[in-house]
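Residues per chain, in single letters:
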Amino acid sequence: MGLMTMFKVQKAHKAHKEGRTEEALTLYREAVSEGMNDPRYIIPYTVLMIRNGQYAEARELLVKTQKLPMQPQQKVQLFVNYSACVYKMGELQKGIDLLERQHQKQPSGMIYETLGYLYIEAGDAEKALAYNMEAYEYDDEDAITLDNLGQTYYRLLDDKVKAKEYFDKALELKPGQIDTLYFLAQYDLEAGNKEAAVEKLETALEGRFSPLNYASKETIQALIDELKNA
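What counts, and where the lines are drawn
Residues numbered from 1 in each chain as written. Predicted model: local features only at pLDDT ≥ 70, side-chain atom pairs only at ≥ 80, totals over all residues. Heavy atoms only, no water. Axes fitted to C-alpha atoms, helices over the stretch in contact; angles between N-to-C directions. Helix = DSSP H or I, 4+ residues; strand = E, 2+ residues; numbered from the N terminus. Parallel < 35°, antiparallel > 145°, perpendicular 65-115°, else oblique. Left-handed = near helix turned anticlockwise from the far one by under 90°. Contact = heavy atoms within 4.5 Å. Nonpolar A, V, L, I, M, F, W, Y, C, P; charged D, E, K, R; others polar. Core = buried A, V, L, I, M, F, W, Y, C linked by side-chain atoms within 4.5 Å. Buried < 20%, exposed > 50% of the residue type's maximum accessible area, 1.4 Å probe, protein only. Salt bridge = Lys/Arg side-chain N within 4 Å of Asp/Glu carboxyl O. 1 Å grid on protein atoms, 1.4 Å probe; cavity = no way out; pocket = protein on both sides within 12 Å on 5 of 7 lines; lining within 4 Å. Points joined across faces, edges and corners; volume = space filled by probe spheres on them.

Caption draft 1: Layout of the packing of helix α10 (residues 160-173) against helix α11 (residues 178-190). The interhelical angle for the contact between α10 and α11, taken along N-to-C directions, is 130°, at an axis separation of 10 Å. In terms of axis orientation, α10 runs oblique to α11. Classified by chirality, the crossing of α11 by α10 is left-handed. On α11, the residues that touch K160, A163, K164, F167, D168, A170 and L171 of α10 are T180, L181, F183, L184, Y187 and E190. Here the contact of α10 with α11 is composed, by residue class, of eight nonpolar, one polar and four charged.

If you want it as structure tokens, here you go:
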């Protein structure tokens, strides 16, 4: 990798950290086309691609990248990113199968979070509950795991009382967590507290959305508009 390409990569990484997504995407793309093949930068680049809906392109790059030497944590992130791609491309079971294999090799917080959510999306209440409870035992202060448990009870087991316990704990740990705020807003609406619901939804709207969010930015904005115009 040439000196100018390395400079471009560093500039892309800085733009990424500062939230200048379009600039980072452009610079990363140019650097890859110039031969950049460092997983330290390729994996964050694929995260941006996935958030931008470029699933096929990210998947192709991840397949190439898996052959490169990398740290164990980078490998975990690569598999998680790949699973997110295939899930959004309609191959949910493929993503589940991949992460199940990785879990068997070495459990990690990132795999617990992602696989736990994919089990919910698959609609398997028994497996989702068992796995997310295992994740909770692994780390009972992981806000994503707590949200996964909340969604398991809310979406699959129709136990909103139990679900709220986990959503409340998740919100304490991560006040800006998008899906947690979305679901807690539903409780506000059921209680007739539209103002509290809108406040939560507007906070959620400020978050950084990903393909593994249950509620999309468009869904939340549409609900806010509906509530404000009612």
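Okay, back to it.
Caption draft 2: Geometry of the nonpolar core. In this structure, Y28, L99, L115 and L118 are the most contacted members of the largest nonpolar core, which totals 44 residues. With nine residues, the top contributor of residues to this core is helix α5 (residues 72-88). Once you skip the residues sitting within four places of it in the chain, Y28 turns out to touch V9, A12, H13, H16, Y41, P44, Y45 and L48. The next biggest cluster of nonpolar side chains, apart from the first, holds 26 residues, and it includes Y154, Y166, I220 and I224.

Caption draft 3: How the structure looks around unusual backbone geometry. Of note, the phi angle at D158 is positive, near 55°, even though the residue is not glycine. With respect to the secondary-structure elements, D158 resides in the loop between α9 (143-156) and α10.

Caption draft 4: How the structure looks around the side chain of S83. Structurally, S83 is set in helix α5. Excluding its chain neighbours within four sequence positions, the residues that come into contact with S83 are G95, L98, L99 and L118.

Caption draft 5: View of the pattern of salt bridges. Under the criterion given, the structure shown has 15 salt bridges. Between K8 and E34 there is a salt bridge, and its shortest N-O distance comes to 2.8 Å. Of this pair, K8 sits in helix α1 (residues 3-17) while E34 sits in the loop between α2 (21-33) and α3 (39-51), and the two are 26 residues apart along the sequence. Of the charged contacts, one joins E23 and R20 as a salt bridge, the two residues approaching to 2.4 Å between their closest N and O atoms. What makes R20 partly exposed here is its relative accessible area of 31%. Each of K14, E18, R20 and E23 takes part in a single network of salt bridges with overlapping partners.

Caption draft 6: Focus on the environment of A122. Its place among the elements puts A122 in helix α7 (residues 109-122). Put simply, A122 and Q93 are 29 residues apart on the chain and 7.9 Å apart in space, counted from C-alpha to C-alpha. Leave out the neighbours within four places in its chain, and A122 touches L92 and I96.

Caption draft 7: Region of the structure containing the layout of surface pockets. Put simply, the largest pocket is a space of about 900 Å³. Around the largest pocket, the lining comprises 29 residues; the ones closest to its centre are R51, E113, I144, S210 and L212. Elements that contribute at least two residues to the lining of the largest pocket include exactly α3, α5, α7, α9 and α11. By residue number, the principal contributor to the lining of the largest pocket is α3, which donates five residues. Grouping the constituent residues of the lining of the largest pocket by class yields twelve nonpolar, eleven polar and six charged. By volume, the second largest pocket amounts to about 510 Å³. Along the walls of the second largest pocket sit 21 residues, with R51, N52, R208, F209 and S210 positioned nearest its centre. Looking at the lining of the second largest pocket, the elements that each hand over two or more residues are α2, α3 and α13 (217-229). The element best represented in the lining of the second largest pocket is α3, accounting for three residues. Of the residues contributing to the lining of the second largest pocket, the split by class is six nonpolar, nine polar and six charged.

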